[in-house]
Amino acid sequence: MTPEHLIIAALAVSAPNWVAQATGASEARSLITGEESKADTFAQSVYAWLEVVASAELADDSISVERLDAHFAVYGQLPVVLIKLPDAFVLIDAVNGNVAGPYDLTSDMDARPLLSVHNAAWVNAGAKFFGRNGCNYMAAPGWKDTPPGGGPQWPLTPAVAPATPEGGGAPYNCRPVGQGGCVCTRPDTRTVPPGTTPVPTQTRCDYTPAGCDPGAGCTGPYNPQYPSGNPPGPPQGCNVNCKPQYWY
C-alpha cells in the first residue's frame, strides 16, 4: 500500500473517535452565535494529525484540510471535512466520521455516499458544497503548478525579475517533508490579466537532494533574497528549485 492509502485507512479508523471526542456548539447554534462547532473542532483534530503523520510519510506538502457544508434538498446541510492529498481527496462526515473516497483530484465532489447513511432517500440526491467563506466548491482545490486554465498568460509575469520580489518582503516558512527533504513556501501576489479572477498564489522552493536545507536548518521563517526573491541558498552540493503555484 502507498503512504496515501495508509493515511486514508487510518483516517477511516480514527475519524469516528475524533468526532465523538470533539467539543463545541451544535451546527445550528454555531450559525447563530458564531461559536466554533463540533465539526470545526473535529476538522482541527484531523489537521493536527495530518501535520504530524502525513508530513512524515509524504515527500510533498500539497495537503490541505477544509471545513465544508454539503447543502441538499431545501434545508438540508451536512458538515463535511475535505482532505486533499497529493494524488487524491477524501470527504469525511463531521457528524459520524464516515469516510467517502478516495477520489481522483479531477473528480467532482459527491456527497451521496455520506448522505445515504443518514437517510437512504438521499442516495440519489445531489448536493452543493460551500466553504466557510461562502465559496462554492465543485472539485477539491489545492496548490497546482499550472495557472488556472493551463495557459501561460495567467498570470502575466514580467520577463525580468522585479527589484522587489512580488509579495514584498514576506518571509519563507520552511519545514521538512518525507524522505529527508525540505520545502519553503511564501505567499506572493501576481499580476492578473484584465477580466481574470484572481486566485491565491505562492512561491514554493524545494531543496535537493535529501538532507539539504537553507543552511541554518529546515525551519522558518527566512527573509527572501533580493532581487530574486529566493530563500537563502543551500550549502555546497545542494540545490534549491523555486516555482510559482496557484490555489484553485
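Everything discussed here concerns the structure shown above.
Throughout this document, residue positions are counted from 1 along each chain, in the order its sequence is written. Owing to the predicted nature of the model, reporting of local features is limited to residues with pLDDT of at least 70; listing and counting of side-chain atom pairs is limited to 80 or more, with chain, interface and lining totals taken over all residues. Heavy atoms throughout the structure, all of them, feed into the side-chain values; hydrogens and water do not.

**Here's the deal with the pattern of salt bridges**
Note the following rule: Criterion for a salt bridge: a side-chain nitrogen of Lys or Arg within 4 Å of a carboxyl oxygen of Asp or Glu. Counting from the N terminus, the helices are DSSP H or I runs at least four residues long and the strands are E runs at least two residues long. Buried, partly exposed and exposed residues are distinguished by accessible area as a fraction of the type maximum, computed with a 1.4 Å probe on protein chains only: under 20%, between the cut-offs, and over 50%, respectively.
Under the criterion given, the structure shown has four salt bridges. Ionic pairing is found between Arg 67 and Asp 40, a salt bridge with its closest N-O pair at 3.1 Å. One end of the pair, Arg 67, is in strand E1 (residues 64-72); the other, Asp 40, is in helix H3 (residues 38-57), with 27 residues separating them in the sequence. For Asp 40, a relative accessible area of 13% gives the class buried. With a closest N to O distance of 3.3 Å, Asp 69 and Arg 67 form a salt bridge. Note on accessibility: Asp 69 and Arg 67 belong to one class, buried. Among the charged side chains, a salt-bridge network with shared partners connects Asp 40, Arg 67 and Asp 69.

**Quick look at the environment of Gln 245**
Which entries qualify depends on this criterion: Contacts between residues were defined by any pair of non-hydrogen atoms, one from each residue, lying within 4.5 Å. Under the rule applied, a polar contact is a pair of N or O atoms within 3.5 Å (in protein, one hydrogen donor and one hydrogen acceptor; residues adjacent in sequence only if both atoms are side-chain atoms).
Tracing the backbone through its elements, the reader meets Gln 245 in strand E11 (residues 239-247). Here the alpha-carbon distance between Gln 245 and Thr 146, two residues 99 residues apart in the chain, equals 7.0 Å. Not counting residues up to four positions away in its chain, the partners in contact with Gln 245 are Trp 143, Lys 144, Asp 145, Pro 200, Thr 201, Gln 202 and Arg 204. At 2.7 Å, the side chain of Gln 245 forms a polar contact with the side chain of Gln 202.

**With respect to the state of the cysteines**
A covalent bond bridging the sulfur atoms of two cysteines is what the word disulfide describes. The test is simple: Cysteine sulfur pairs qualify as disulfides if the two atoms are within 2.5 Å.
Inspection of the entire model under this criterion finds four disulfides. Disulfide pairing is shown between Cys 174 and Cys 184; the S-S distance is 2.0 Å. What sets the handedness of the Cys 174 and Cys 184 disulfide is the S-S torsion sign, and at about 110° it is right-handed. On the criterion of sequence distance, the pair formed by Cys 174 in strand E8 (residues 173-177) and Cys 184 in strand E9 (residues 181-188) is long-range, its members being 10 residues apart.

**With respect to helix H1 (residues 3-21)**
Rules: To estimate the expected span of a helix, subtract one from its residue number and multiply by 1.5 Å. The bend reported for a residue corresponds to the angle between axes fitted to the seven residues ending at that residue and the seven starting there.
Along its 19 residues, H1 runs 26 Å from first to last C-alpha, staying within 8% of the 27 Å computed at 1.5 Å per residue. At Ser 14, H1 shows its maximal kink, close to 40°; a proline, Pro 16, follows between one and four residues later. Within H1, burial applies to Glu 4, Ile 7, Ile 8, Leu 11, Ser 14, Ala 15, Trp 18 and Val 19.

**A look at the nonpolar core**
Cut-off, in case you're wondering: Here the nonpolar core consists of buried residues drawn from Ala, Val, Leu, Ile, Met, Phe, Trp, Tyr and Cys, with membership extended through side-chain atoms lying within 4.5 Å.
If you look at the biggest cluster of nonpolar residues, it comprises 19 residues, and the most contacted ones within it are Leu 11, Phe 42, Val 46, Val 81, Ile 83 and Ile 92. Of all the secondary structure elements, the ones that give two or more residues to this core are H1, H3, strand E2 (76-84) and strand E3 (89-93). Among the elements that make up this core, the one with the highest residue count is H1 (six residues). Formed by 13 residues, the second largest nonpolar core is a distinct cluster that contains Leu 68, Leu 78, Phe 89 and Met 109.

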